[in-house]
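Now for the letters of each chain:
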Amino acid sequence: MSPLTYWNQDLRRRFPTHQAALDRIAELEELRSAPDSTALRVLGLTPRETQIVDFIASRRHVSDERLLIAIWGSEGVEHPYNTLRVHIMNIRRKLARSSIRIETIHGGELRMDADSIARWKEAARLATGGER
């Protein structure tokens, strides 16, 4: 199977109707234009990693399933659990020098303590030029 054929099949599976594709495009445009856009990079994290940490910090603790759906949307359930674990591993490595910690608690939830949340919010504020 050629890569183009595979890509077309994947698109048809994800967006069975034209309206579904338009809805996803509108959702992505809204994310791009939002002040806390996924294009934001904080402390050397990728935009996706920044979005993950921001989501955890805004809720203090969150389950893996809820995080997958919040970050990847309805496609979140299609992303394997290991994808999230790799992102978390990379985030922890990059944030270690900033003393911002993400802990895994009983039941698989991810949590940030109050000090880490405060450090994260300050780093995000500085990354946006004090607008956040």
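Small disclaimer: the values here were computed from a predicted structure and weren't measured. (Residues numbered from 1 in each chain as written. Predicted model: local features only at pLDDT ≥ 70, side-chain atom pairs only at ≥ 80, totals over all residues. Heavy atoms only, no water.)

1. Section: the pattern of salt bridges
Reasoning step 1: Scanning all chains against the criterion turns up 5 salt bridges.
Reasoning step 2: In this structure, K94 engages E49 in a salt bridge whose closest nitrogen and oxygen atoms are separated by 2.8 Å. Residue K94 is found in helix 5 (residues 81-95), and its partner E49 is found in helix 3 (residues 47-59); the two are separated by 45 residues along the sequence. In this pair, the class of K94 matches that of E49, namely buried.
Reasoning step 3: Here R85 ties to D64 by a salt bridge, and the two come within 2.8 Å at their closest N and O atoms. Of the two residues, R85 is situated in helix 5 and D64 in helix 4 (residues 64-72); the sequence distance between them amounts to 21 residues. The same class applies to R85 and to D64, which are both buried.
Reasoning step 4: When salt bridges with common partners are traced through the structure, they connect R101, E103 and R111 into a single cluster. (Salt bridge = Lys/Arg side-chain N within 4 Å of Asp/Glu carboxyl O. Helix = DSSP H or I, 4+ residues; strand = E, 2+ residues; numbered from the N terminus. Buried < 20%, exposed > 50% of the residue type's maximum accessible area, 1.4 Å probe, protein only.)

2. Topic: the nonpolar core
Reasoning step 1: Core analysis: the biggest nonpolar cluster contains 25 residues, and I52, V53, I56, L67, I91, M112 and W120 have the highest contact counts within it.
Reasoning step 2: Listing elements by their share of this core, those giving two or more residues are helix 3, helix 4, helix 5 and helix 6 (114-127).
Reasoning step 3: Considering each element in turn, this core owes the most residues, 5 residues, to helix 3.
Reasoning step 4: The residues contacting M112, other than those within four sequence positions of it, are V53, I56, A57, R60, I100, R101, I102, I117 and W120. (Core = buried A, V, L, I, M, F, W, Y, C linked by side-chain atoms within 4.5 Å. Contact = heavy atoms within 4.5 Å.)

3. Considerations on the sheet that holds strand 2 (residues 103-104)
Reasoning step 1: As summarised here, the arrangement of the 3 strands in space is 1-3-2, forming an open sheet in which the pairing is antiparallel. On the outer flanks of this sheet lie strand 1 (61-62) and strand 2, each paired with one strand and no other.
Reasoning step 2: In terms of strand pairing, strand 2 meets strand 3 (residues 110-111) through 2 bridges, oriented antiparallel. Paired with T104 across the bridge in strand 3 is L110. (Pairing = 2+ DSSP bridges.)

4. Digging into unusual backbone geometry
Reasoning step 1: Even without being glycine, L43 reaches a positive phi, approximately 55°.
Reasoning step 2: Tracing the backbone through its elements, the reader meets L43 in the loop between helix 2 (18-33) and helix 3.
Reasoning step 3: Positive phi values are uncommon outside glycine, yet S99 reaches one of about 60°.
Reasoning step 4: Its location among the elements puts S99 in the loop between helix 5 and strand 2.

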